Amino acid sequence: MSEKPLQLHDGCPQPRPDWVPDDCGPTFTTWVMQGVRPSGAVNAVPPPRRRATLSTEDYVKGVLACDPGVLGRAITLVESNAPAHRRQAQELLAALLPHTGRARRIGLTGIPGAGKSTFIEAFGLHLVGQGHKLAVLAIDPSSAVTGGSILGDKVRMELLGRDPRAFIRPSPSGGSLGGVTRKTREAILVCEAAGYDVVIVETVGVGQNEVAVRAMVDAFVVLSIAGAGDEMQGIKKGVIEMADLMVINKADGENIPRCTAALAEMRRVLHYLRPATEGWKTTVQTASARTGAGVADVWTSLQAYFATGEQTGATGRRRRDQAVAWMHALIEERLRSDFYGAEAVKAMRGEIEQAVAAGRIAPLAGALNLLAAGGVTHERVLA
Ligand SMILES: Nc1nc2c(ncn2[C@@H]2O[C@H](COP(=O)(O)OP(=O)(O)OP(=O)(O)O)[C@@H](O)[C@H]2O)c(=O)[nH]1
Ligand SMILES: [Mg+2]
């Protein structure tokens, strides 16, 4: 930096930098301006405003009025595991219960890359175009660890995401009861109370989540793609046995012949399987989420499925069975967490596990000893 002091030039009210030629006069437009003194108030970033906590009544009113902000927060509340939130969530769910149960609950699964997001975008736009209100609960297996692929999905469901008749919500899969179950079940109820008459629960067909989702929906759709032995993979996983509708996606362009062949193959396979829903023969069809071909037909098939389910009473029976099974699952979950959470059990567990692993005591004896420690039985087996 120059040592030269700033000069005041003739006719210039301000000092100028030293590299400004001395004789340039006012035509040279560089001036040294006085800096703004930080006052503390000018650039201070206001602290983030804390959102007012909502009363249960506020939640109920907001959800019933389908206020998108309140709906999102209500789902966050029911997803929370904090004891205070659980209490308020139970109050909220009890108040919403009379307004639930009226939606078509649809599970949709498919291997990564099968086109689920693209399909839901096309299918969802078709549904809202038909006057339906659609909620999509997307179970994201990676969300707990990485923050999930939610961003990518938002991009792929861009039009649907912006549509006021649709509500898209990623659902975390972490936690107990197969991860998804409680949170997603309760989120379905909240969406139904908000007036969504079709609820899609999306899972990536790579794990146990499909069984949990099958147990909370009326209809189960498996999205697959042609080739690479995909049909057989699905059979191995038992996913096809759970399907009411099979959709072979990406039936466009050069892929059409392969999809047609896969369709015939899948029909043959289905012939040997027991249908997932009594009174309904699992259907298989092709579609292209990209071109939209066959997407409306999937809704037509689902409507036929629901009409049959009402006629035969299968949908009602399934819902009643699901409710009872869910109650028992909750009891088991509670008993398990109370048992393993008990101090006496925690103190003995490691030692007994080691004894069983080393073959010093039989697994049955280990179980009886640990149960005795937890006060479940008095039958203690001496090692
Ligand atoms: N040709 C064709 N490509 C499709 C179709 N549907 C989806 N794709 C493409 O397949 C790729 C995967 O689509 P996604 O919708 O992200 O698939 P996804 O099942 O949601 O994938 P994950 O979220 O990773 O499980 C993308 O590149 C899509 O553009 C289709 O009907 N035809
Ligand atoms: Mg996706």
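Each chain has its residues counted from 1, following the order in which its sequence is written. In the order they appear in the text, chains get letters beginning with A and ligands get numbers beginning with 1. A pLDDT threshold of at least 70 governs which residues receive local features in this predicted model, and a stricter bar of 80 or more applies before side-chain atom pairs are shown or counted, although totals over entire chains, interfaces and linings include all residues.

1. Here we look at the site of ligand 1
Phase 1 of the analysis: The environment of ligand 1 is made up of 17 residues, and the closest members are Gly115, Lys116, Ser117, Thr118 and Arg290.
Phase 2 of the analysis: Considering each element in turn, the shell around ligand 1 owes the most residues, three residues, to helix α4 (residues 116-129). To decide whether a residue is near a molecule or strand, its C-beta atom is placed from the backbone and checked for lying within 6 Å of it. Only runs of H or I of at least four residues qualify as helices and only runs of E of at least two qualify as strands under DSSP, and these elements are numbered from the N terminus.

2. Things to note about unusual backbone geometry
Phase 1 of the analysis: Unlike most non-glycine residues, Cys66 shows phi in positive territory, near 55°.
Phase 2 of the analysis: Tracing the chain through its elements places Cys66 in the loop between α1 (56-64) and α2 (68-79).
Phase 3 of the analysis: At Lys250, a residue that is not glycine, the phi angle is positive and equals roughly 70°.
Phase 4 of the analysis: Take Lys250: it is sitting in the loop between β8 (245-249) and α11 (256-271).
Phase 5 of the analysis: Classification of Lys250 by C-beta neighbours within 10 Å gives buried; the count is 25. Buried means a residue has 20 or more other C-beta atoms within 10 Å of its own C-beta, exposed means 12 or fewer, and partly exposed covers the counts in between; C-beta atoms are placed from the backbone.

3. Comments concerning the confidence of the model for the protein chain
Phase 1 of the analysis: Model confidence for the protein chain is summarised by a mean pLDDT of 85, while 78% of its residues fall at 70 or above.
Phase 2 of the analysis: The weakest mean pLDDT in the protein chain belongs to helix α5 (residues 143-146) at 44; the strongest belongs to helix α12 (residues 295-312) at 98.
Phase 3 of the analysis: Every residue is assigned a pLDDT by the predictor, reflecting its confidence on a scale from 0 to 100. Once C-beta atoms are placed from the backbone, any two residues with those atoms within 7 Å are in contact. A low-confidence stretch, residues 143-151 stays under pLDDT 50, and its non-local contacts, those more than four residues away or across chains, total 15 contacts.

4. Topic: the environment of Leu127
Phase 1 of the analysis: Along the polypeptide, Leu127 turns up in helix α4.
Phase 2 of the analysis: Residue Leu127 is classed as buried on the basis of its 24 C-beta neighbours within 10 Å.
Phase 3 of the analysis: When the C-alpha positions of Leu127 and Ala166 are compared, they lie 9.4 Å apart, and in sequence the two are 39 residues distant.
Phase 4 of the analysis: Setting aside residues no more than four positions away along its own chain, Leu127 makes contact with His132, Leu134, Val198 and Trp299.

5. Focus: the environment of Ala314
Phase 1 of the analysis: Inspection of the secondary structure puts Ala314 in helix α13 (residues 314-341).
Phase 2 of the analysis: Since 18 C-beta atoms lie within 10 Å of it, Ala314 is described here as partly exposed.
Phase 3 of the analysis: Linking Ala314 and Asp218, residues 96 residues apart in sequence, is a C-alpha distance of 9.2 Å.
Phase 4 of the analysis: Aside from chain neighbours lying at most four places away, what touches Ala314 is Thr277, Glu278, Gly279 and Gly309.

6. A few points about the nonpolar core
Phase 1 of the analysis: Put simply, a nonpolar core is buried Ala, Val, Leu, Ile, Met, Phe, Trp, Tyr and Cys residues tied into one set by C-beta atoms within 7 Å. In terms of nonpolar packing, the biggest core is built from 75 residues, with Val63, Ala74, Val190, Val199, Val221 and Ile248 touching the most fellow members.
Phase 2 of the analysis: An automatic or database domain assignment supplies the residue ranges for each domain. Looking at this core, you find at least three residues from each of domain 1 (53-99) and domain 2 (100-312).

7. Digging into the environment of Lys281
Phase 1 of the analysis: Looking at the element boundaries, Lys281 is found in the loop between α11 and β9 (283-286).
Phase 2 of the analysis: Using a count of 10 C-beta atoms within 10 Å as the deciding quantity, one classes Lys281 as exposed.
Phase 3 of the analysis: Each C-alpha atom of the pair Lys281 and Leu245 lies 8.9 Å from the other, and the pair is 36 residues apart in sequence.

8. Topic: the pairing of β9
Phase 1 of the analysis: Pairing of β8 with β9, which is carried by four bridges, proceeds in the parallel orientation. The residue bridging Val247 from the neighbouring strand is Gln285, located in β9.
Phase 2 of the analysis: Viewed along the sheet, the connection from β8 through α11 into β9 turns out right-handed. Pairing between two strands is assigned when DSSP locates at least 2 bridges connecting them. The path from the first strand over the helix to the second decides the hand: if it runs clockwise while the strands point away from the viewer, the crossover is right-handed.

9. Things to note about the pairing of strand β6 (residues 198-204)
Phase 1 of the analysis: With respect to burial, β6 is a largely interior element, seven of its seven residues being buried.
Phase 2 of the analysis: Taking every second residue as pointing to the same face, both faces of β6 are buried, with Val198, Ile200, Glu202 and Val204 on one and Val199, Val201 and Thr203 on the other.
Phase 3 of the analysis: Relative to β6, strand β3 (residues 104-110) runs parallel, the two being bridged by seven bridges. Looking at β6, one finds that Ile106 is bridged to Ile200.

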